[in-house]
Amino acid sequence: MEELRAKKGFICDMDGVIYWGGRLLPGVKEFVDWLYRENKEFLFLTNNSGQTPLELRLKLKTMGLDIDERHFYTSALATAKFVSEQTHHCSAYVIGEPGLVGALYQCGVAITDKEPDYVIVGESPNYNYEAICKAVTLVRGGAKLIGTNSDLTGPSSRGIIPACRALISPIEMATGKQAYFIGKPNPLMMRTGLRLLGVHSEEAAMIGDRMDTDIIGGVESGLDPILVLSGVTSRDEIDQFPYRPRLVLNNIGEIAD
Ligand SMILES: [Mg+2]
């Protein structure tokens, strides 16, 4: 724990670490106060591509936590950065929410359904049959298929719902093309996070509630992976994975105690 507290940078997953449903988890306020008090660098990282940093800020504000926009990094921002660096002045057909479209615009990516360089899929309640048919035609025509994140399912107020990898799979099956996924556990996202914080991987910790995204992402990027039990993983599930967290905590507030 002392080693963890001495780290310079903290990359924290949000769902299951900071909040659950619409409520802040126990100890989060104390942890954030501690981050500010100790002058730590920190980033809240989410595979959710639907919301902009401003929207995430407002969401946390309604839960009583005020955190500047620069502390949020989403799979939408990482996806926009990736495609715009891979292909200058590129274009994309997008199935996704304003958070994803806005991030692409900000990186100079043109949104079009006419011969785009990429078909980019994020989670969206507006996902529909027409859009899938369009995407299939474009990928068969040569557009590269990108998913914002490789989550198969996610939590919602009505229970488990399909997430990006489940939504993109009809396009993969109909085209025979495999999508490339950007969000956690792709080390791309963690490495960009470290660069934004200005710290080296050995000086940082990755705190998350999922073994298959957060903990593996931390392991593969060289950050100390810290598992919190306030989200989807229970203590007896840890042994089912070939990699281990450095430390297991009941909640993120224990760091501040
Ligand atoms: Mg989570």
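Before reading on, note that the structure itself is shown above.
For the structure given in this document, a descriptive report is provided here. (Residues numbered from 1 in each chain as written. Predicted model: local features only at pLDDT ≥ 70, side-chain atom pairs only at ≥ 80, totals over all residues. Heavy atoms only, no water.)

### So, the coordination of the magnesium ion
Just so we agree on the cut-off: Because water is not among the atoms used, a metal site may look incomplete, as its donors are only the N, O and S atoms within 2.8 Å, or 3.2 Å for Na, K and Ca. Strands are runs of DSSP state E lasting at least two residues, helices are runs of H or I lasting at least four, and both sets are numbered from the N terminus onward. Only protein chains enter the area calculation, which uses a 1.4 Å probe; residues under 20% of their type maximum are buried, those over 50% are exposed, and those in between are partly exposed.
The magnesium ion binds to the protein through Asp 13 (OD), Asp 15 (O) and Asp 209 (OD), with metal-donor distances spanning 2.0 to 2.2 Å. Within one chain, the residues donating to the magnesium ion are spaced in sequence as D-x1-D-x193-D. Note that Asp 15 is positioned in the loop between strand E1 (9-13) and strand E2 (19-20) and Asp 209 in the loop between strand E13 (204-208) and helix H9 (211-221), a separation of 194 residues in sequence. Taking the relative accessible area as the measure of exposure, Asp 15 reaches 32% and is therefore partly exposed.

### A look at the pattern of salt bridges
We count it as follows: Salt bridges are identified by distance alone: a Lys or Arg side-chain nitrogen within 4 Å of an Asp or Glu carboxyl oxygen.
Inspection of the entire model under this criterion finds 14 salt bridges. A salt bridge links Arg 57 to Asp 66; the nearest nitrogen and oxygen atoms lie 3.1 Å apart. For Asp 212, the salt bridge goes to Arg 210, with nearest N and O atoms at 2.9 Å. When its relative accessible area of 33% is taken as the criterion, Asp 212 is described as partly exposed. Several salt bridges share partner residues, and in doing so they unite Glu 3, Lys 7, Asp 224 and Arg 246 into one network.

### Some points on the sheet that holds strand E15 (residues 247-249)
Sheet strands pair by backbone hydrogen bonding; their relative direction is either parallel or antiparallel. As a reminder, the rule being used: Being paired, for any two strands, means DSSP has found at least two bridges between them. Helix axes are fitted only over the stretch in contact, all axes being lines through C-alpha atoms; the angle between N-to-C directions runs from 0 to 180 degrees. Contact definition: two residues touch when any of their heavy atoms are within 4.5 Å.
Pairing is parallel across the open sheet formed by 6 strands, whose spatial order is E5-E4-E1-E13-E14-E15. Both outer strands of the open sheet, strand E5 (72-74) and E15, are each paired with one neighbouring strand and no more. For this sheet, the mean angle separating the axes of adjacent strands, direction not counted, is 25°. When strand E4 (residues 41-46) meets E5, the two strands line up parallel, connected through 3 bridges. By the bridge assignment for E5, Phe 44 is matched with Phe 72. Contacting E1, E4 and E13, helix H2 (residues 28-37) crosses the sheet at an angle of about 155° to E1. Its contacts with the sheet place helix H4 (residues 75-86) against E4 and E5, and it is angled at close to 65° to E5.

### Structural notes on the environment of Lys 177
Tracing the chain through its elements places Lys 177 in the loop between helix H7 (164-175) and strand E12 (180-181). The contact partners of Lys 177, leaving out residues within four places of it in the chain, are Val 139, Leu 145 and Glu 172.

### Digging into the packing of aromatic side chains
Under the convention used in this document: Each pair of aromatic rings taken from Phe, Tyr and Trp, with Trp reduced to its six-membered ring, is defined by centres within 6.5 Å and is described as stacked if the planes are under 30 degrees apart, edge-to-face if over 60, and tilted in the remaining cases.
Counted by the stated rule, this structure contains 8 aromatic pairs. Consider the rings of Tyr 36 and Phe 42, whose centres lie 5.5 Å apart with planes at 85°: the pair is edge-to-face. Given a relative accessible area of 41%, Tyr 36 falls into the partly exposed group. Summarising the aromatic geometry, the rings of Phe 44 and Phe 72 are spaced 6.0 Å apart at their centres and angled 70° between planes, so their arrangement reads as edge-to-face. In this pair, Phe 44 is assigned in strand E4 and Phe 72 in strand E5, connecting sequence segments 28 residues apart.

### Considerations on the layout of surface pockets
Counted only if it meets this: In the cavity and pocket records, a cavity denotes points on a 1 Å grid over the protein atoms alone where a 1.4 Å probe fits but cannot get out, a pocket denotes an open set with protein on both sides within 12 Å along at least 5 of 7 lines, and lining residues are residues with an atom within 4 Å of a point. Grid points are joined across faces, edges and corners, and a volume is the space filled by probe spheres set on the points. Any residue outside Ala, Val, Leu, Ile, Met, Phe, Trp, Tyr, Cys, Pro, Asp, Glu, Lys and Arg is labelled polar, Gly included; the first ten of those are nonpolar and the last four are charged.
Approximately 1000 Å³ is the volume found for the largest pocket. The wall of the largest pocket is formed by 35 residues, among which Asp 15, Asn 48, Glu 123, Pro 155 and Ile 161 lie closest to the centre. Those elements giving two or more residues to the lining of the largest pocket turn out to be E2, strand E10 (153-156), strand E11 (159-162) and H9. With 4 residues, E10 is the single largest residue contributor to the lining of the largest pocket. A breakdown of the residues in the lining of the largest pocket according to their chemical character gives 10 nonpolar, 14 polar and 11 charged. If you add up the space inside the second largest pocket, you get close to 170 Å³. Taken together, Leu 43, Pro 53, Glu 69, Arg 70, Phe 72, Tyr 73, Leu 77, Lys 81, Cys 107, Thr 192, Arg 195 and Leu 196 form the lining of the second largest pocket. If you list the elements that add at least two residues to the lining of the second largest pocket, you get E5, H4 and helix H8 (187-197).

### With respect to the environment of Leu 197
With respect to the helices and strands, the residue Leu 197 is situated in helix H8. For Leu 197 and Leu 43, which are 154 residues apart along the polypeptide, the C-alpha to C-alpha distance reads 7.3 Å. Leu 197 has contacts with Gly 9, Phe 10, Ile 11, Glu 41, Phe 42 and Leu 43, leaving out every residue within four places of it along the chain.

### Describing the pairing of E11
Where E10 meets E11, 4 bridges bridge the pair, whose relative direction is antiparallel. When the bridges of E11 are listed, Thr 153 appears paired with Pro 162. Following E10, the chain reverses through 2 residues before pairing antiparallel with E11.

### Some details on unusual backbone geometry
In this structure, Pro 185 follows Lys 184 across a cis peptide bond, with omega equal to 5°. Following the sequence through the fold, Pro 185 ends up in the loop between E12 and H8. The backbone phi angle of Asn 39 is positive, close to 55°, even though this residue is not glycine. Secondary-structure assignment places Asn 39 in the loop between H2 and E4. The backbone phi angle of His 89 is positive, close to 50°, even though this residue is not glycine. As for its position among the elements, His 89 is in the loop between H4 and strand E6 (91-95). According to the relative accessible area criterion, His 89 is exposed, its value standing at 78%.

The values reported here are purely geometric and, on their own, carry no functional implication.
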